[in-house]
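Okay, here's what each chain looks like letter by letter:
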Amino acid sequence: MPQTEDIEYIKDYEAYDCINDSEDDDDFDPQDEPYEPSPEELQNMGQNPFKAKVFDPETMLFDLAEARKTETKFKESILSLMMSVLISSDKPNALLCGPAGCGKTKIVEELAYRLKNSENIVPQLKGYRIYALQLSDIVADSGLMGDLENKVKMLINYMSDQDEKRILFIDEIHMLFQEKAYRIVAQILKPALSRGKIKLIGATTTQEANLIDSDPAFCRRMTKIIVDEADHEQTVEILLSMNEHFASHYNISFALSRSKAERIVDIADEFCYSGSHRPDNAITLLDRSIASAVVKNASDKKMKITLTDRHIKETAFRMTSGHSTPHTFNERAFRRDLSAVCGQEAIIDDLVNVLKLHSLHIRPTKKPFTMLFIGPSGVGKTEVAKIIAKNCAGEKPITLNMSEFYYDAGINRIIGSPAGYLGSDSNVELPFDKLKSNPYQVILLDEFEKCDRAVQRLFMSVFDEGILTTSQGNVIDFSKSIIIATTNAGCTAKSRSIGFNSDSTSETQLISDLSDYFDVELINRFSQKYTFSEISRWVYRKIVEKRLASEIKVIKRLHPELNMDSLFSADELAKAADKITADTYNIKSGARPAITAVSKFIDSKLLSYFSRMAKTYRPNQN
């Protein structure tokens, strides 16, 4: 056991070391008097570092009744249930759980307002007030040991004052079970919650409530109340009730009609990301639409705002993807790009019609638009997918080479490693993280039959539900994307086209051919299925001609000093096309050999040309 003198020595040394941390610490004599900072030095420091931090209700709590802006509708049953919990003799603590944006905090604000004004409340709660606590406020500035514990005890004493009748509200209460400092708060609160010394209301989402379930002792002290998402009609009524609020907030002349409110709810359901819920998604969309209209019409002194469907859709798209307007589908440009793919004319019209309808957003959907491209290697499946991405999304597709996911653990490369496994805490970007910033993407699953069945079934749930949950619990929305899977499986000599005009017999045969490679349930979840035709000899020669013309055009543009017309005459190109076709055509290889053969032919001609012109030719370095 250390002697009393030793303890005093340690205290003196620690005090000196904290305050007088300088280069001449070696001159310190523990027998000297400990250093005491002067009042001026303490003032310069801002506060005494040895003074215990205290709980300040004036800065750490606020009256929740003051946050209430509009009346809360359609939640009377939740309010009644919450009041019955708060007047209980044992564990009067309520935990509101529900999807993000369903109105949990709004319900507590409504109760706080009623308690403050004694409206529609039970007599047992008369005189009570609800105070909200931001957990970070009580944890902040608690660096010294005991500071946090002291502030939590003072909070409990403050909230348990029977003369004042206070109720504590903690939003995002699941934070109590994340970091170590917050867990200390939860442990100190437990006895007070159990004895009914304080009344507590907590709010969290359904997913994050699992963190609270990890502490059964704390969980049993709370009564869980489920808050459901508002339905379509309820959301419309909520929007109509906010007319006066928005007109007052923006200081404008504004009136929302019922038909326009219904349209806003529909657009919010269609465009907003899957993690949002009614009524919050519709209220936010209305608010942002009015705000953008106010900015757009800032020069108008009268400021009378009228919202059009187009303006609301643009606002919704901007909220979702950051772009002001979605990429416009241009049928003429799409057909022009598809003309580069030879031999697949049978599916072009059907493909154009399907994508045109998809771009119009005729009906809202929570599922991605899915297509399965079936055909031998080298017939243009991947090329058509890239053309679709260019015309429907305005950028390259998100491409996954599915042959890399040949084992079931490949799922981890898509959703991340499970907790506790190597890489579970990695911040490496996952393949579909890009959908978080812009969900209007084209996704290409190349050679889909080569991935493991477990990976295929993962995508089956995506096709069916429109969402994918990562190992860290993040939800990725696929509902606005186009997913194209390509496969060589089930190809037969007889080409078929499955689409709008297909007959039931051909589709039945197609499913039978593919069933050896995919689950039938997965095949049936594709919105459209197209079988690409094999490349005939005549089509192959046409591809060779186009490839020759395309490469020569590129060389002309990059090297205008070369006389390409004399080097590649029309007759010589025709003969070259015939020879390349005769030498390289193979029905099983598709059009891919043409690319290599054309490049070799042009390279050989250029090498011959450069050999003759070696003394005079100087390549263009630009």
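About the thresholds
Residues numbered from 1 in each chain as written. Predicted model: local features only at pLDDT ≥ 70, side-chain atom pairs only at ≥ 80, totals over all residues. Heavy atoms only, no water. Helix = DSSP H or I, 4+ residues; strand = E, 2+ residues; numbered from the N terminus. Buried < 20%, exposed > 50% of the residue type's maximum accessible area, 1.4 Å probe, protein only. Contact = heavy atoms within 4.5 Å. Pairing = 2+ DSSP bridges. Axes fitted to C-alpha atoms, helices over the stretch in contact; angles between N-to-C directions. Parallel < 35°, antiparallel > 145°, perpendicular 65-115°, else oblique. Left-handed = near helix turned anticlockwise from the far one by under 90°. Nonpolar A, V, L, I, M, F, W, Y, C, P; charged D, E, K, R; others polar. Disulfide = S-S within 2.5 Å. Expected span 1.5 Å × (residues − 1). Salt bridge = Lys/Arg side-chain N within 4 Å of Asp/Glu carboxyl O. Core = buried A, V, L, I, M, F, W, Y, C linked by side-chain atoms within 4.5 Å. Phe/Tyr/Trp six-rings, centres within 6.5 Å; stacked < 30°, edge-to-face > 60°. Lys NZ or Arg CZ within 6 Å of the ring centre and 35° of its normal. pLDDT = per-residue confidence, 0-100.

Participant: For this particular structure, what's the right way to read the overall build of the chain?
Facilitator: Counting its regular elements, the chain contains 27 helices and 13 strands. Taken across its 622 residues, the chain has 43% of its residues classed as buried. Across the chain, contacts joining residues at least 24 apart in sequence account for 76% of those joining residues at least 6 apart.

Participant: Would you mind showing me how to read the sheet that holds strand S1 (residues 61-63) here?
Facilitator: In a beta sheet, neighbouring strands are held together by backbone hydrogen bonds and run either parallel or antiparallel to one another. Ordered in space as S1-S3-S4-S5-S2-S6, the six strands form an open sheet in which the pairing is mixed. Strand pairing shows two members of the sheet lacking a second neighbour, S1 and strand S6 (223-226), which therefore form its edges. The mean angle between the axes of side-by-side strands here comes to 25 degrees, regardless of whether they run parallel or antiparallel. Against the sheet, helix H4 (residues 76-86) contacts strand S2 (93-98), strand S4 (166-171), strand S5 (199-205) and S6, and its axis sits at roughly 175 degrees relative to S6. Here helix H7 (residues 147-159) sits on the sheet in contact with S1, strand S3 (129-133) and S4, set at roughly 135 degrees to S4.

Participant: Just to check I follow, could you spell out the environment of Leu567 for this structure?
Facilitator: Along the chain, Leu567 falls in helix H25 (residues 564-567). Sequence-wise, Leu567 and Leu606 are 39 residues apart; in three dimensions their C-alpha atoms are separated by 8.4 Å. Those residues within four positions of Leu567 in sequence are excluded, and the remaining contacts are Glu572, Lys605, Leu606, Tyr609 and Arg612.

Participant: When you look at the packing of helix H11 (residues 232-241) against helix H13 (residues 258-271) in this model, what are you seeing that I'm missing?
Facilitator: For any two helices packed against each other, the geometry is given by the interaxial angle and the distance between the axes. It is at 9 Å that the axes of H11 and H13 come closest, and there the two elements cross at 125 degrees. Here H13 runs oblique to H11, going by the angle between their axes. Our pair here, H11 against H13, has a crossing hand that is right-handed. Between H11 and H13, the contacting residues are His232, Glu233, Thr235, Val236, Glu237, Leu239 and Leu240 on the first element and Arg258, Ala261, Glu262, Ile264, Val265, Asp266 and Asp269 on the second. Considering only residue class, the contact of H11 with H13 consists of six nonpolar, two polar and six charged.

Participant: When you look at the state of the cysteines in this model, what are you seeing that I'm missing?
Facilitator: Put plainly, two cysteines are in a disulfide when a covalent bond ties their sulfur atoms together. Under the criterion given, the structure shown has zero disulfides. Free of any disulfide, Cys97 has its nearest cysteine sulfur in Cys219, 8.4 Å distant. Considering cysteine sulfurs only, Cys97 is the nearest to Cys102, which forms no disulfide, with 9.6 Å between them. Residue class for Cys102 comes out buried when judged on its relative accessible area of 1%.

Participant: Any chance you could explain helix H17 (residues 345-360) here in plain terms?
Facilitator: Along an α-helix, residues three or four apart share an orientation, since each turn contains 3.6 residues. With 16 residues, H17 should reach 22 Å at 1.5 Å per residue; the first-to-last C-alpha distance of 24 Å fits that figure. Taken together, the buried positions of H17 are occupied by Ile347, Ile348, Asp350, Leu351, Val352, Val354 and Leu355. Looking at the packing, one finds that the buried side of H17 touches helix H16 (331-338), strand S7 (369-374), helix H18 (381-392), strand S12 (482-487) and strand S13 (528-531). Directly beyond the C-terminal end of H17, a positive phi value near 55 degrees is found at His361.

Participant: Explain the pairing of S3 to me, please; I cannot follow it from the model alone.
Facilitator: Looking down a regular strand, the side chains alternate between one sheet face and the other. Burial of S3 is extensive: four of the five residues sit out of reach of the surface. The pairing of S1 with S3 spans three bridges and is antiparallel. The residue bridging Leu61 from the neighbouring strand is Leu133, located in S3. Note: S3 against S4, five bridges, orientation parallel. Across the sheet, residue Ile130 finds its bridge partner in S4, namely Ile167.

Participant: Help me out: how do you make sense of the pattern of salt bridges in this one?
Facilitator: Pairs may arise between side chains of opposite charge once their charged atoms sit close together. According to the stated counting rule, one finds 30 salt bridges in the structure shown. Of the charged contacts in the structure, one is a salt bridge between Glu237 and Arg258, with a shortest N-O distance of 2.6 Å. Of this pair, Glu237 sits in helix H11 while Arg258 sits in helix H13, placing them 21 residues apart in sequence. Taking relative accessible area as the criterion, Glu237 reaches 28% and is therefore assigned partly exposed. For the salt bridge of Glu551 with Arg547, the shortest nitrogen-to-oxygen distance reads 3.4 Å. Of this pair, Glu551 and Arg547 both sit in helix H24 (residues 537-558), separated by four residues, roughly a single helical turn. Look at the salt bridges and you will find they share partners, linking Arg68, Glu76, Glu110 and Arg114 into a network.

Participant: What am I meant to see in the nonpolar core here?
Facilitator: Soluble, globular proteins show a tendency: their nonpolar side chains are buried together. Core analysis: the biggest nonpolar cluster contains 52 residues, and Leu355, Met371, Phe373 and Ile388 have the highest contact counts within it. Judged by nonpolar contacts, the second largest core, of 34 residues, contains Leu400, Met402, Ile414 and Leu458.

Participant: Whenever I open this one, the sheet that holds S13 confuses me. Can you help?
Facilitator: Strand order across the open sheet formed by five strands is S8-S9-S12-S7-S13, with parallel pairing between neighbours. Only two strands of the sheet have a single partner each, and these edge strands are strand S8 (398-401) and S13. Along the sheet, successive strands turn relative to each other by an average axial angle of 15 degrees, direction set aside. With six bridges connecting them, S7 and S12 associate as parallel partners. Counted as the bridge partner of Ile374 is Thr487 from S12.

Participant: Even after reading the chapter, I still don't get the packing of aromatic side chains, so can you show me in this structure?
Facilitator: Two numbers describe a pair of aromatic rings. These are the distance of the centres and the angle of the planes. Inspection of every chain in the model, using the stated rule, returns 14 aromatic pairs. Note on Phe373 and Tyr530: the rings are 6.1 Å apart at their centroids and 70 degrees apart in plane angle, and the pair reads as edge-to-face. Linking Phe373 in strand S7 with Tyr530 in strand S13, this pair joins segments that are 157 residues apart in sequence. A centroid spacing of 6.1 Å and a plane angle of 80 degrees characterise the contact between Phe448 and Phe459, whose relative ring orientation is edge-to-face. One end of the pair, Phe448, is in the loop between strand S9 (442-446) and helix H21 (453-465); the other, Phe459, is in helix H21, and 11 residues separate them in sequence. Residue class for Phe448 comes out buried when judged on its relative accessible area of 0%. What links up through ring pairs into an aromatic cluster is the set Phe432, Phe448, Phe459, Phe463, Phe478, Phe518 and Phe526. The ring of Tyr158 carries the charged tip of Arg166 above its face, separated from the ring centre by 3.7 Å. Against the face of Phe405 rests Arg413, its NZ or CZ located 4.7 Å from the ring centre.

Participant: Looking at this structure, I do not really get the confidence of the model for the chain. What am I missing?
Facilitator: Caution applies to low-pLDDT parts of the model: their predicted coordinates are not meant to be read in detail. The predicted model of the chain has a mean per-residue pLDDT of 81, with 83% of residues at 70 or higher. Below a pLDDT of 50 lies the segment residues 4-26, which in the model reaches 17 contacts outside its immediate sequence neighbourhood of four places, other chains included. This stretch, residues 492-505, has a pLDDT under 50; its non-local contacts, to residues over four places away or in other chains, come to 31 contacts.

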